[in-house]
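Residue strings, one per chain:
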Amino acid sequence: MPTVQDPLMIVTDLDGSLLDHHTYGWEPAQSWLDRLNAADVPVVICSSKTAAEIVPLQQALGISGAPWIGENGAVVNGGDVSEVPPLIPDGKDYPAICQTLAQLRNQQGFKFIGFADVTEKEVSEWTGLTPADAALAKDRQGSESIIWRDSQENFDRFQQALKEQRLALIQGGRFWHVMNEGSGKATALAWLLKHIPSRAGQPWITLGLGDGPNDAPMLDSTDYAVVIKGYNNTPVTLSRRDEARIYRCALYGPEGWSEGLTWFLAQE
Ligand SMILES: [Mg+2]
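A brief look at the structure comes next. (Residues numbered from 1 in each chain as written. Predicted model: local features only at pLDDT ≥ 70, side-chain atom pairs only at ≥ 80, totals over all residues. Heavy atoms only, no water.)

**Thoughts on the coordination of the magnesium ion**
Item 1. Around the magnesium ion, the donor atoms from the protein are Asp13 (OD), Asp15 (O) and Asp211 (OD), and they sit 2.2 Å away.
Item 2. Mapping the donors of the magnesium ion onto the primary sequence yields the spacing D-x1-D-x195-D. With a gap of 198 residues between them, Asp13 in the loop between strand S1 (8-12) and helix H1 (30-38) and Asp211 in the loop between strand S9 (205-210) and helix H8 (216-221) connect regions that are remote in the sequence.
Item 3. Asp13 sits in the buried class, given a relative accessible area of 7%. (Donors = N, O, S within 2.8 Å, 3.2 Å for Na, K, Ca; no water. Helix = DSSP H or I, 4+ residues; strand = E, 2+ residues; numbered from the N terminus. Buried < 20%, exposed > 50% of the residue type's maximum accessible area, 1.4 Å probe, protein only.)

**Focus on the pairing of strand S2 (residues 43-46)**
The side chains of a regular strand alternate, first on one face of the sheet and then on the other.
Item 1. The side-chain alternation of S2 yields two buried faces, one formed by Val43 and Ile45 and the other by Val44 and Cys46.
Item 2. Judged from the three bridges that link them, S1 and S2 form a sheet pairing that is parallel. Bridging from a neighbouring strand, Thr12 pairs with Ile45 of S2.
Item 3. Regarding the hand of the β-α-β motif, the stretch spanning S2, helix H2 (residues 51-61) and strand S3 (residues 68-70) is right-handed. (Pairing = 2+ DSSP bridges. Right-handed = clockwise from strand over helix to strand, strands pointing away.)

**As for the sheet that holds strand S10 (residues 224-229)**
Item 1. The sheet built from seven strands is open, its strands ordered S4-S3-S2-S1-S9-S10-S11 with mixed pairing. Across the chains shown, the open sheet's two edge strands, defined by having one partner strand only, are strand S4 (75-77) and strand S11 (246-252). For this sheet, the mean angle separating the axes of adjacent strands, direction not counted, is 20°.
Item 2. In the sheet, S10 pairs with S11 via four bridges, with the strands oriented parallel. Across the sheet, the residue bridging to Val226 is Tyr247, located in S11.
Item 3. Sitting on the sheet, H2 is in contact with S2 and S3, with an inclination near 145° to S3. (Axes fitted to C-alpha atoms, helices over the stretch in contact; angles between N-to-C directions. Contact = heavy atoms within 4.5 Å.)

Shown next as structure tokens:
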């Protein structure tokens, strides 16, 4: 079992994991956050959220300056720790992704609507975020979130057309996310680990925590995986078979987050 003295990195989803699904609070995780902070263990957010949402949250959580992964792995940031080059150097930025989407819609008549097509008020209605927070969710760098309003047949054509533009679709809870091919939570984490020097040059020991099916690739790629009890109907299915390194929580959200860390990290 790892300890906080190891070159440990915590990689965590936010909603339903470190943050409560309903209240967005993290009180039950605070004592572990304090302990990790005191031991200099980085807590790396790996989320669908944008930079504009993640950076203030890091501040509130007391983990400012830590590396983070945003927009479902479309954006990787080394924080104060290290410069991390872009994951897809010749990839499309947000305006270019939106431009490609607009062209596909105009030329082929696909029916879908994205964050770039609407106001904060509409994003707020779709997500339940306040209009101010919806503005932060709209402030995107490397991926577009869309709602598909067309047939399955056209969806398959759309996916093929995106592929020809070297763009990929990732399914989230509410939206489809369009991003550069080759990005995603797991590849973003591998890229980050390559560029963040660890303590004493030892390889990082990673512990991932997540509650949703879209966390599975990340949880398959970390050394230890905590599957937090979630409200999703779809179970979190991992490909890994090293059961001793997987822990499935009895508790939801930040209670589960804390339960999982206590399970794996030997108590002094
Ligand atoms: Mg989640």
